[in-house]
Amino acid sequence: MSDSYPIPSGEVVFEEEIKHSRFVTVLFHCPSVAAFKDKLASIREAYPAATHYCQAAIMSDPSDDTALTCSDDGEPSGSAGRPMLNVLKGSGIGEVGSIVIRYFGGVELGVGGLVRAYSSGVKHALKQLTLSTKVKTLAASICCEYAQLPDVEHYLGQFNVTIVERQFSEQVLLHLAIPVSARIALAETLQRISQGQLRLSFSSEAA
């Protein structure tokens, strides 16, 4: 897995008509199962008369095969959700959800026709999707003296670390989001400038 990957920075709606059926493809940022469920609920509300709401999503790093979902939503098995997911996986984009709303037009497309229709919508929508880059981070914390804080904050900035929270008591406790690629170099730098006093405490895997 790489230290960063592209994610959607906006939403795309693409519509086409195929043999009198109307297909509306929606692509959106989808970082979690909860976000996907919320979007599906809002789309069902926005398109209440649709026949099907076929779905596919990658909810993490595009190379993570454990954070995937897809559904044919009543279409023949394997004709919608899986083809949509295959297109998303081929794009190399992470945290991306797709829902294709179908209004049946009275003409049966057959399994092959459905695969082409659902794949087509996602492919066209991907061409219009704007992207940003997500840097995978590790949650960590570090405790320092008040006199050390300016130097600590300086070096955290040098390594593109985000200070999530500052807690002040007898010492300063910083909660951090550290880019995965910076973990070792940052830890070594902080120990070097403090003669081994400053140590990072990591609390989670990459996010």
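Being a predicted model, the structure only gives us computed values, none of them experimental.

On to the side chain of E16, then. Structurally, E16 is set in strand 2 (residues 12–18). Here E16 sits buried without a salt bridge, and the closest side chain of opposite charge, K127, lies 10 Å off (N-O distance). Within the local environment of E16, its side chain forms a polar contact with the side chain of S120, the two groups lying 3.0 Å apart. Beyond its immediate sequence surroundings of up to four residues, E16 is in contact with S21, R22, F23, A117, S120 and G121.

With antiparallel pairing, the four strands of this open sheet are ordered in space as 9-10-8-11. The sheet terminates laterally at strand 9 (162–168) and strand 11 (201–202), the two strands that pair on one side only. Along the sheet, helix 4 (residues 149–158) contacts strand 8 (137–144), strand 9 and strand 10 (172–179); its crossing angle with strand 10, the most-contacted strand, is approximately 10 degrees. Contacts from helix 5 (residues 183–193) reach strand 8, strand 10 and strand 11, with the element oriented near 150 degrees to strand 10.

What follows deals with helix 4. If you check which residues of helix 4 are buried, you get L149, V152 and L156. What you see down the axis of helix 4 is that its buried residues fit within an arc of 65 degrees, all on one side. Counted as exposed and oriented over 90 degrees from the buried face of helix 4: P150 and Q158. In this structure, the buried residues of helix 4 make contact with strand 8, strand 9, strand 10 and helix 5. The first or second residue beyond helix 4 is N160, which carries a positive phi of 55 degrees.

The next subject is the packing of aromatic side chains. In the structure shown here, the tally under the stated rule is three aromatic pairs. For the pair F23 and Y118, a centre-to-centre distance of 5.3 Å together with 90 degrees between the ring planes defines the contact as edge-to-face. Placement of the pair is F23 in strand 3 (residues 21–29) and Y118 in helix 3 (residues 110–128), with a sequence separation of 95 residues. For F23, a relative accessible area of 1% corresponds to the buried category. The positively charged end of K39 is found above the aromatic ring belonging to F28, 5.8 Å away from the centroid.

This paragraph deals with the packing of helix 4 against helix 5. Two elements in contact, helix 4 and helix 5, have axes whose closest approach is 11 Å; the angle formed by their N-to-C orientations is 155 degrees. Regarding the angle of helix 4 to helix 5, the classification is roughly antiparallel. Here helix 4 runs over helix 5; the crossing is right-handed. Touching D151, Y155 and L156 of helix 4 are L186, T189, L190 and I193, all from helix 5. By residue class, the composition of the contact of helix 4 with helix 5 is five nonpolar, one polar and one charged.

Parameters at a glance
Starting from 1, residues in each chain are numbered consecutively following that chain's sequence as written. Predicted model: local features are reported for residues with pLDDT of at least 70 only, side-chain atom pairs are reported and counted for 80 or more only, and whole-chain, interface and lining totals are derived from all residues. Where side-chain values are given, they derive from all heavy atoms of the structure, hydrogens and water being excluded. Helix and strand definitions here come from DSSP, where helices need a minimum of 4 consecutive H or I residues and strands a minimum of 2 consecutive E residues; each element is numbered from the N-terminal end. Three labels apply to residues, based on accessible area from a 1.4 Å probe with only protein chains included: buried if under 20% of the type maximum, exposed if over 50%, partly exposed otherwise in between. As used throughout, the charge tally considers Lys and Arg to be positive and Asp and Glu to be negative, leaving His and the chain termini uncounted. Whenever Lys or Arg places a side-chain nitrogen within 4 Å of a carboxyl oxygen from Asp or Glu, that contact is recorded as a salt bridge. Definition of a polar contact: a pair of N or O atoms within 3.5 Å, with one able to donate and the other able to accept a hydrogen when the atoms are protein atoms, and with sequence-neighbouring residues admitted only if both atoms are side-chain atoms. Contacts: residue pairs with any heavy atoms within 4.5 Å of one another. The rule for pairing is simple: two strands pair if DSSP sees at least two bridges between them. To obtain each axis, a line is fitted to C-alpha atoms, and for helices this fit is confined to the stretch in contact; angles are then taken between N-to-C directions over 0 to 180 degrees. The directions from the helix axis to the C-beta atoms form the arc being described. Any two of the Phe, Tyr and Trp rings considered here, Trp counted by its six-membered ring, make a pair once their centres fall within 6.5 Å; the pair's planes then place it as stacked at under 30 degrees, edge-to-face at over 60, or tilted in between. When the NZ atom of lysine or the CZ atom of arginine is within 6 Å of a ring's centre and also within 35 degrees of its normal, the charge is said to sit over that ring. Oblique is the label for every angle not falling under 35 degrees (roughly parallel), over 145 degrees (roughly antiparallel), or within 65 to 115 degrees (roughly perpendicular). Helix crossings fall into two classes, left-handed where the near helix is turned counterclockwise from the far one by less than a right angle and right-handed where it is turned clockwise. Think of it as three bins: nonpolar holds Ala, Val, Leu, Ile, Met, Phe, Trp, Tyr, Cys and Pro, charged holds Asp, Glu, Lys and Arg, and polar takes everything else, Gly as well.

Honestly, that's just the spatial picture; any functional story needs more than this.
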